[in-house]
Amino acid sequence: NAGVTQTPKFQVLKTGQSMTLQCAQDMNHNSMYWYRQDPGMGLRLIYYSASEGTTDKGEVPNGYNVSRLNKREFSLRLESAAPSQTSVYFCASSEGSLGPQHFGDGTRLSIL
Amino acid sequence: GENVEQHPSTLSVQEGDSAVIKCTYSDSASNYFPWYKQELGKRPQLIIDIRSNVGEKKDQRIAVTLNKTAKHFSLHITETQPEDSAVYFCAASKPGTYKYIFGTGTRLKVLA
């Protein structure tokens, strides 16, 4: 039982390149989330998917797109990477609202 | 908008002493309050949570208290150990949303 799995773990991009971060969960959770974590700013929600087939913007959605591919998988895409998107990205999942969210190990993304 | 303030930002305690971290939330409709521990380079992990129909919850050396009237909740760690050293995040969530509002984190250092 792996929980929440994110790939890749590390990535370096050049400004303007595109990239998709992958996330999969094996807990049969309905809801999935993408956060970014920057020093001194805690975790900020980028997008979330309350259930399969739905996605909604979070606090900082600009520059990102998401796809809920099926119940297990939720991907985050950077269409044209910018240095301001250098961050650690965490995917999380939960059974539904008002319950604990379980996090993956993160993707450390640097954009030069 | 909704926000969660967390204090202090850093906390140093001697091994064996107690540590207290406080969070204040703005939205009175919030009713679920998780606490996460994040070790350096690792994922945030849920350590304890509380719902608004409960005033206090304990799990071994960790406890959380909630004061709905004052809109604040606190994490208490007793008999601290070096392995308690980490960054701790509080969060708040309310019915009908899937969003956590995170505090900015407290870096706890337990000095041996």
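The structure contained in this document is the topic of the report that follows. In every chain, residue numbers begin from 1 and rise along the written sequence. Chain letters start at A and ligand numbers start at 1, both assigned in the order the entries are written. In keeping with the predicted nature of the model, local features appear solely for residues at pLDDT of at least 70, side-chain atom pairs appear and are counted solely at 80 or more, and the whole-chain, interface and lining totals rest on all residues. Side-chain numbers here rest on the full set of heavy atoms in the structure, without hydrogens or water.

**Observations regarding the layout of surface pockets**
What counts, and what does not: With a 1 Å grid laid over protein atoms only, a set of points is called a cavity when a 1.4 Å probe fits there but cannot get out and a pocket when it is open yet has protein on both sides within 12 Å along at least five of seven lines; lining residues have an atom within 4 Å of a point. Grid points are joined across faces, edges and corners, and a volume is the space filled by probe spheres set on the points. Secondary structure counts use DSSP, requiring at least four H or I residues in a row for a helix and at least two E residues in a row for a strand, with both numbered from the N terminus. Each residue is assigned to one of three groups, with Ala, Val, Leu, Ile, Met, Phe, Trp, Tyr, Cys and Pro labelled nonpolar, Asp, Glu, Lys and Arg labelled charged, and all others, Gly among them, labelled polar.
Taken as a whole, the largest pocket holds about 510 Å³ of empty space. Elements with a minimum of two residues in the lining of the largest pocket: strand S9 (87-94) of chain A together with strand S9 (86-92) and strand S11 (106-111) of chain B. A per-class count over the lining of the largest pocket returns nine nonpolar, 11 polar and five charged.

**Overview of unusual backbone geometry**
We apply this condition: Relative accessibility decides the category of a residue: with a 1.4 Å probe and only protein chains considered, values under 20% of the type maximum give buried, values over 50% give exposed, and everything between is partly exposed.
With an omega dihedral of -5 degrees, the bond running from A:Thr7 to A:Pro8 counts as a cis peptide bond. As for its position among the elements, A:Pro8 is in the loop between strand S1 (4-7) and strand S2 (10-13). One non-glycine residue with positive phi stands out, namely B:Lys71, at about 60 degrees. Within the secondary structure, B:Lys71 sits in the loop between strand S7 (62-67) and strand S8 (72-77). For B:Lys71, a relative accessible area of 26% gives the class partly exposed.

**Structural notes on the interface of chain B and chain A**
Put simply, the rule reads: Contacts are residue-level and defined by heavy atoms, with any inter-residue pair within 4.5 Å sufficient. Buried area adds together the accessible area that both of two parts lose upon being put together, with accessible area traced by a 1.4 Å probe. Salt bridge, as used here, is a side-chain nitrogen of Lys or Arg placed within 4 Å of a carboxyl oxygen of Asp or Glu. Pairing of N or O atoms within 3.5 Å defines a polar contact, subject to two protein rules: one partner must be a possible hydrogen donor and the other a possible acceptor, and residues neighboring in sequence count only if both atoms are side-chain atoms.
The interface is formed by 22 residues belonging to chain B together with 23 residues belonging to chain A. Both faces combined, the contact of chain B with chain A buries some 1,800 Å², and carbon together with sulfur accounts for 58% of it. In terms of surface lost to chain A, no three residues of chain B exceed B:Arg43, B:Tyr98 and B:Phe102, which account for 38% of the buried area on that side. At the surface where chain B touches chain A, the tally comes to one salt bridge. Note that B:Arg43 and A:Asp105 form a salt bridge whose closest N and O atoms lie 2.7 Å from each other. In this assembly, chain B and chain A are joined by seven residue pairs in polar contact (both at pLDDT 80 or more). Every element with two or more residues in the side of chain B that touches chain A is listed here: strand S4 (32-38) and strand S5 (45-51) of chain B.

**Observations concerning the pattern of salt bridges**
A full pass over the atoms with the stated rule returns nine salt bridges over all chains. Residue A:Asp38 pairs with A:Arg44 through a salt bridge whose shortest N-O separation is 2.8 Å. Just as A:Asp38 is buried, A:Arg44 falls in that class too. Across the salt bridge formed by B:Lys57 and B:Asp49, the nearest N and O atoms sit 2.9 Å from each other. On the basis of relative accessible area, B:Lys57 is assigned to the partly exposed category, the value being 36%. The class of B:Asp49 is buried, set by a relative accessible area of 13%. Among the charged side chains, a network of salt bridges with common partners joins A:Arg36, A:Asp38 and A:Arg44.

**Overview of the sheet that holds strand S8 (residues 74-78) of chain A**
Residue and element names in this part refer to chain A. Note the threshold: Criterion used throughout: strands pair if DSSP finds at least two bridges between them. Interaxial angles span 0 to 180 degrees and are taken between N-to-C directions of axes, which are lines fitted to C-alpha atoms, for helices over the stretch in contact.
Taken together, four strands build an open sheet; the order of strands is S1-S3-S8-S7 and the sheet is antiparallel. Two strands bound the open sheet, and with one partner strand each, they are S1 and strand S7 (64-68). When strand polarity is set aside, the average angle formed by the axes of neighbouring strands in this sheet is 20 degrees. Examined bridge by bridge, S7 and S8 share five bridges and lie antiparallel to one another. From the neighbouring strand, Ser67 faces S8, where its bridge partner is Ser75.

**A word on the packing of aromatic side chains**
Ring pairs (aromatic) are described by centroid distance and by the angle formed between their planes. This is how it is decided: Centres within 6.5 Å make a pair out of two Phe, Tyr or Trp rings, where for Trp the six-membered ring is used; the pair is then stacked when the planes are under 30 degrees apart, edge-to-face when over 60, and tilted otherwise.
Taken as a whole, this structure holds 18 aromatic pairs over all chains when the rule is applied. Put simply, the rings of A:Tyr33, A:Tyr35, A:Tyr48, A:Phe90, A:Phe103, B:Tyr32, B:Tyr36, B:Phe89, B:Tyr98, B:Tyr100 and B:Phe102 touch in pairs and so form one group of aromatic residues.

**A few points about the sheet that holds strand S1 (residues 4-7) of chain B**
Residues and elements named next belong to chain B. With respect to topology, five strands assemble into an open sheet ordered S1-S3-S8-S7-S6, the strand pairing being antiparallel. A strand with exactly one partner marks an edge of an open sheet, and here the two such strands are S1 and strand S6 (56-59). Ignoring strand direction, the axes of neighbouring strands in this sheet form an average angle of 15 degrees. Across four bridges, S6 lies against S7 in antiparallel orientation. Bridged to Asp59 within S7 is Ile62.

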